[in-house]
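Okay, here's what each chain looks like letter by letter:
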Amino acid sequence: MILVTGGCGYLGSHCAVELLNNGYEIIILDNFSNSEKRIHKQIENIANKKVKLEECDIRDRKKLDQVFLNNKVESVFHFAGLKSISESFDKPEDYYSVNIIGTVVLLELMVKYCVSKIIFSSSATIYGDYSKLPWHEKIDLNIPDSPYAQSKIIIEKLLKNFSLKHNFLKVAILRYFNPVGFHHSGLIRENSKNSTNLFPEIIKYLNNEKPHINIYGNDFDTHDGYGVRDYIHVNDLINGHIEALNFILKHDKTYNYNVWNLGSGKGRSVLEIVNAFEKQLKRKLKCVIKPRRKGDLGQYWADINKAKRELGWHPKKTLHEIVEDSLMSLKE
Ligand SMILES: NC(=O)c1ccc[n+]([C@@H]2O[C@H](COP(=O)([O-])OP(=O)(O)OC[C@H]3O[C@@H](n4cnc5c(N)ncnc54)[C@H](O)[C@@H]3O)[C@@H](O)[C@H]2O)c1
């Protein structure tokens, strides 16, 4: 059985569906701090299967112990965590607590119950402001500014140390670039209430929840002045998780710890994304330029050759499909 922490969140819910589609039995754990209980039903509806759900904070050792005691967990897909760079500057203690302490509690219980495999959601933010592009897994990491990115670096180190100390523990670190898009059913989506990221901004505008799309900075040192990011369709990202698990299972005897970037390998500017939506919708979108957000970089994208070579994985979805699937999530 696979424990999916944060399984009702944006990425966890998409992963839950994919694991079910691949025949895995799963149990979802979430405290619903950034998701809704109805997502559990939606996952069951899409996959046409019943799914166990535990409402639990990842830091609640007593309750989490019961989850491991009562279920034969063999692997953990660890999505639970706080994820906003800007919010982490305001509430650093929450980010250290949920992300780091939560992972320590999880790991200690995995060791107690001899649960051997963990796939962890890391982030491209740990590369900081490294200037040479594209970003690859061998870059030396410095301590980044944001408490969010710091928490991810510390967790990566923790996972490495745990895997060195406990030989049976197998760790896959996946460093995500910018996951976007949704399952084509439109039934599971990101809780974007407080997000100022580009795709949530566009979706909120198209749902008439905002009078315009806020764009943070058009004076970056990039080809068109707009921020450039590496947008990857959520389905491609999640397939990378399935391939990482397959890789661990295939190399069970020798595998210990590994890190892979998951991105599209392409940098696309905010303007290019807005243009792609405009092309698909055949109308202009109203954008307003705002000052840059704290911690925002000009441009970055991933070197994904390691994941391609070792996992046999590559992203398949085009920008057109990303836009199309995002539009599926619009309210009727
Ligand atoms: N979405 C992105 O752009 C992105 C990029 C890089 C890395 N990540 C990482 O991927 C993971 C999942 O991201 P997401 O976009 O699905 O976020 P999300 O907020 O949609 O999902 C996280 C889920 O974890 C739950 N959660 C939060 N704190 C918890 C706690 N203490 N105990 C139990 N559950 C808790 C939330 O309720 C939510 O359902 C996070 O660790 C995030 O840092 C996300």
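Residues numbered from 1 in each chain as written. Predicted model: local features only at pLDDT ≥ 70, side-chain atom pairs only at ≥ 80, totals over all residues.

(A) Representation of the overall build of the protein chain. In terms of helices and strands, the protein chain carries eleven helices and 13 strands. In terms of overall dimensions, the protein chain is globule-like: its C-alpha atoms have a radius of gyration of 19 Å, near the 20 Å expected for 332 residues. Put simply, the protein chain has 332 residues, and 45% of those count as buried. Considering only residue pairs separated by 6 or more positions, the protein chain has 80% of its internal contacts joining residues 24 or more positions apart. (Helix = DSSP H or I, 4+ residues; strand = E, 2+ residues; numbered from the N terminus. Rg over C-alpha atoms; globule rule 2.2 N^0.38 Å. Buried ≥ 20, exposed ≤ 12 C-beta atoms within 10 Å, placed from the backbone. Contact = placed C-beta atoms within 7 Å.)

(B) Examining the site of the ligand more closely. Near the ligand lie 29 residues; those nearest to it are Gly-6, Gly-9, Ser-35, Gly-81 and Ser-121. Every element with two or more residues in the shell around the ligand is listed here: α1 (10-21), α5 (92-112), β5 (117-123) and β7 (178-180). Of the residues forming the shell around the ligand, the biggest block, three residues, is contributed by α1. When grouped by side-chain class, the residues that make up the shell around the ligand number eleven nonpolar, 13 polar and five charged. (Near = placed C-beta within 6 Å. Nonpolar A, V, L, I, M, F, W, Y, C, P; charged D, E, K, R; others polar.)

(C) Spotlight on the packing of helix α9 (residues 270-281) against helix α11 (residues 319-328). Relative to each other, α9 and α11 sit at 70°, their axes nearing to 10 Å. Judged by the angle between their axes, α9 and α11 are roughly perpendicular. Of the two possible hands of crossing, α9 and α11 adopt the one that is right-handed. Packed against α9, whose contacting residues are Ala-276, Phe-277 and Gln-280, the element α11 presents Leu-319, Val-323, Glu-324 and Leu-327 at the interface. Residue classes in the contact of α9 with α11 are distributed as five nonpolar, one polar and one charged. (Axes fitted to C-alpha atoms, helices over the stretch in contact; angles between N-to-C directions. Parallel < 35°, antiparallel > 145°, perpendicular 65-115°, else oblique. Left-handed = near helix turned anticlockwise from the far one by under 90°.)

(D) How the structure looks around the domain arrangement of the protein chain. As assigned here, the protein chain comprises domain 1 (2-180 + 231-262) and domain 2 (198-229 + 265-303 + 316-328). Of the residues lining the interface, 19 residues belong to domain 1; the matching set on domain 2 comes to 19 residues. Contributing elements (two or more residues each) for the side of domain 1 that touches domain 2: α4 (85-90), β7, β10 (231-233) and α8 (234-250). In terms of residues, the side of domain 1 that touches domain 2 owes the most to one element, α4, which gives three residues. Looking at the side of domain 1 that touches domain 2, its residues break down into nine nonpolar, seven polar and three charged. (Domains from an automatic or database assignment.)

(E) A look at the pairing of strand β4 (residues 75-78). Where burial is concerned, the two faces of β4 agree: the one with Ser-75 and Phe-77 and the one with Val-76 and His-78 are both buried. Of the strand pairs in this sheet, strand β1 (residues 2-5) and β4 are connected by four bridges, and their pairing is parallel. Counted as the bridge partner of Leu-3 is Val-76 from β4. Relative to β5, β4 runs parallel, the two sharing four bridges. For His-78, the partnering residue across the bridge sits in β5 and is Phe-120. (Pairing = 2+ DSSP bridges.)

(F) Inspection of the sheet that holds β4 at higher detail. Here we have seven strands laid out as an open sheet, ordered β3-β2-β1-β4-β5-β6-β11, and parallel in their pairing. Each of the sheet's edge strands pairs with one partner strand only, and the pair in question is β3 (52-55) and β11 (257-262). Pairs of neighbouring strands in the sheet enclose a mean axial angle of 20°, with direction left out of account. Packed on one face of the sheet, α8 meets β4, β5, β6 (170-176) and β11 and runs near 160° to β6.

(G) Region of interest: the environment of Glu-278. When you line up the elements, Glu-278 lands in helix α9. Judged by local crowding, Glu-278 falls into the partly exposed class, with 14 C-beta atoms found within 10 Å. When the C-alpha atoms of Glu-278 and Val-323 are compared, they prove to be 9.9 Å apart, with 45 residues separating the residues in sequence. Residues contacting Glu-278, with those up to four places away along its chain left out, are Arg-283, Lys-284 and Leu-285.

(H) Representation of unusual backbone geometry in the model. Here the residue pair Leu-133 and Pro-134 is connected by a cis peptide bond, since its omega of -5° sits within 30 degrees of zero. Take Pro-134: it is sitting in the loop between β5 and α6 (147-165). We note that Phe-32 has phi near 60°; this positive angle belongs to a residue other than glycine. The partly exposed category is assigned to Phe-32, around which 14 C-beta atoms lie within 10 Å. Residues other than glycine seldom take positive phi values, yet Asn-48 does so here, at roughly 55°. Among the structural elements, Asn-48 can be located in the loop between α2 (38-47) and β3. For Asn-48, a count of 8 C-beta atoms within 10 Å gives the class exposed.

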